[in-house]
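Summary of the model geometry
Each chain, written out:
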Amino acid sequence: MSISLLTSQIGFDNTGISTHLVRSAVGNHLAVIQHHDPLADTHDQRHIMLDEQDGDAELLPDKGNGLHEFPGFGIVHARCRFVQAEELGVGRQCPGNLQLALLSVGQVARPHVRLLIQIKDSEQFQRPAVGVFLLQPEPPGLAHRLQKVVVHAVMHGCLDIVQHCHIENPISFAYMEKGRIVVVTSTQIPHIVRRVIGQALGIPWGRVRVIKPYIGGGFGNKQDVLYEPLNAFLTTQVGGRPVKLEVSREETFCNTRTRHSIEYDLTAGVDKEGHLLAKDMKAYSSQGAYASHGHAIAANGLTAWRLQYACPNTRGEAYTIYTNTPTAGAMRAYGIPQAAFAIECLMDDVAAEIHMDPLEFRRKNLIQGYYEDAYLKPIAANTNGIFQCLEKGAEYIHWDEKRKEYADQTGSVRRGVGMSLFSYKTGVWPISLEIAGARLSMNQDGSVQLQIGATEIGQGADTVFSQMAAETLHMDVENVHIVTVQDTDVTPFDTGAYASRQSFVTGTAVKQCAEQLLQKILDYAKTLLPEQETRELSLDHGWIYAGEEQVLSLEALAQEAYYSLSNSSVLTAEVSTQVKKNTIATGCCFAEVEVDMKLGTIQILNIINVHDSGKLLNPQLAQMQVHGGMSMGMGYGLSEQLVLDEKTGRPLNGNLLDYKLMTALDTPDIKADFVELDDPMGPYGNKALGEPPAIPGAPAIRNAVLHATGVAFNEIPLTPQRLIEGFKKAGLI
């Protein structure tokens, strides 16, 4: 028989070596050794025929083009790290971190064979090349499944650096009071800032107090500790006098955080019916000069890669690289806008290859109902409304009609419709800690005071937490008075505003705290109403009810609790809770665009986001959250780009004049819609909504341009220069 081996790199470790081993029926082995330098984008390849009896290696000629035919061979792929391993067991990880990624096609005559291959002519690898291979039997039915692959699609994408552009820069001031350092700062994470200041200055954390007032946005930039430790140090050098560090907009662009620029290489194979059979992702993330959140962003993209789409064979690798550019950190949706752009562009490209409608292709491959992450099992789609989201989005954009209407256009101005989707977990458990605290106390008039460690940064958190307390306590929301300023001296511990976690994690703490206070109120009411001991008491909008009878006002109960000479007990409740659960939110974006190929412009005619974020806690705030995220997503796809000097890494447009944000004139009418499913993990049936709106816009616009022009752009933003270059290359202008 004749078997074709496609020698695409199935697994680079940090040696940059990928190895393919082919065994013949007569006992010889062929090793195809490939060396790849990801940064230089260079390849080197040698073929070695090994005789199992004496271990001699014979160099074979390179047939070129990455495609080789070996009559009579079965095929085994093995990933090799250049170490000598001892006593390999089948499927085990051996000393030296040898990773075996084995894929067998055809019969291997003698399974579980341990081979040691030494390549004597290894000058091109600049090191001795010693590889250990373990053969194992072919997985049942694998050869049959792989024979079904009819399309092998590849996508290479590159996403530029962008910046958060919150209105208020990260300003802080510090002073000393009674031997302690007080830092007032525009931050999302006051309790974490306190800890890091203590660590940086080498002082007990209790000697540090951090206060977070009202702030003007963050989007993840203020999820990092920025200038606060320096500010704390400086006040100690001037005798505790106040020191203010005022950061300019230009300094914010250059010296705080940005969104990672990530390059992707994606590969996927489908059968003739359009079912995904295998997919592979490689990501190279530019970290900038310092670690910040480091590899977590690229790794989070790999989590998204293995979710949502049903695919029996999924692989992903991510690399994070230090570069002499502004430091990258957390930004709204934490690596998923980059990953989703690459994934959703690939899905459209695959659909185009097999001449299938992109929406139909996704419907065919999406997981229906419940699913969970194979490695992080608390992360699961406990409710999954993606199909309802797709239905709403397609109906709004008139998908079927416009795909046909715009199918065969001519001329330089064309229209198209595109779509993309996403999945996003809620919070960081089980990858990291999830803990939140809440405190409630009843005032003398029966209203309550709510204090939490979660931060209001402009997203409406204080409003929603007040609603939660009011809902559970069965009172009007105007009777819940929330303390908006976080002060680490008195505020319950909470890790802060990020990861779309607060309504889910802190909401759990608020609900538990309100339930405790409600029970205390009813228990105290029993002491005041002994005649009602046989009837069930309840609280509803300022009144205690015995059965259906209104028997005592909450204000009267509060007055008694504060001032009774015989039975005084101020009613309070406090909760600190660790949340060990997670749930997946999902949704989609549909966009209609008009492309002027000669001018290199894109006009968005219609755009809609549809979200499955569980039950909406505040529909008006939810709409506003989605509108803001959609604007950010459109800017990411069309105009935003932090341009750097290639020699120095310095920003060239680090100001709000030259950095092109979407303005009111650039923004079309935008539509937000929802599929409300009561998620069992959310304290009020809710799940993530803060970050997801920023995810699907850019790939939906790109895919609409693909439909309009037939040109696949895999770099964003889609600036006029990129568009015109792409259309010229395609011969359209």
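Everything below is about the structure printed above this text.
Residues numbered from 1 in each chain as written. Predicted model: local features only at pLDDT ≥ 70, side-chain atom pairs only at ≥ 80, totals over all residues. Heavy atoms only, no water.

**A word on the side chain of Q451**
Quick note on the threshold: Secondary structure elements follow DSSP: runs of H or I no shorter than four residues count as helices, runs of E no shorter than two count as strands, and numbering proceeds from the N terminus. Burial classification: accessible surface area is computed with a 1.4 Å probe over protein chains only, and a residue below 20% of its type maximum counts as buried, one above 50% as exposed, and the rest as partly exposed. The definition of a polar contact used here is a pair of N or O atoms within 3.5 Å, where within protein one atom must be able to donate a hydrogen and the other to accept one, and adjacent residues in sequence count solely through side-chain atom pairs. The contact definition used throughout considers only heavy atoms, calling two residues in contact when any of these lie within 4.5 Å.
By secondary structure assignment, the location of Q451 is in strand β23 (residues 448-452). Overall, the relative accessible area of 15% leaves Q451 in the buried class. One polar contact links Q451 to R439, side chain to side chain, over a distance of 2.7 Å. What Q451 contacts, discounting residues up to four positions off in sequence, is A438, R439, V483, V490, T491 and P492.

**Description of the packing of aromatic side chains**
Describing an aromatic ring pair means giving the distance of the ring centres and the angle of the ring planes. Which entries qualify depends on this criterion: Only centres within 6.5 Å qualify two rings of Phe, Tyr or Trp (six-membered ring in Trp) as a pair; their planes then separate them into stacked at under 30 degrees, edge-to-face at over 60, and tilted for everything else. We count a charge as sitting over a ring when the NZ of a lysine or the CZ of an arginine lies within 6 Å of the ring centre and within 35 degrees of the ring normal.
Counted by the stated rule, this structure contains six aromatic pairs. Geometrically, the ring pair formed by Y284 and Y319 is stacked, given 5.4 Å between the ring centres and 10 degrees between the ring planes. With Y284 in strand β17 (residues 276-288) and Y319 in strand β18 (residues 313-322), this residue pair connects regions lying 35 residues apart in the sequence. The class for Y284 is buried, based on a relative accessible area of 13%. A ring pair is formed by W399 and F590, whose centres lie 5.5 Å apart and whose planes are at 85 degrees; its orientation type is edge-to-face. Of this pair, W399 sits in helix α9 (residues 399-405) while F590 sits in strand β30 (residues 584-596); the two residues are 191 residues apart in sequence, bridging distant segments of the chain. Classification of F590 by relative accessible area gives buried; the value is 0%. Above the ring of F504, the side-chain terminus of K581 is found at 5.6 Å from the ring centroid.

**Let's talk about the side chain of T719**
Relative to the assigned elements, T719 resides in the loop between β33 (715-716) and α15 (720-729). Using a relative accessible area of 16% as the deciding quantity, one classes T719 as buried. Those residues in contact with T719, other than ones at most four positions away along the chain, are G600, L638 and Q641.

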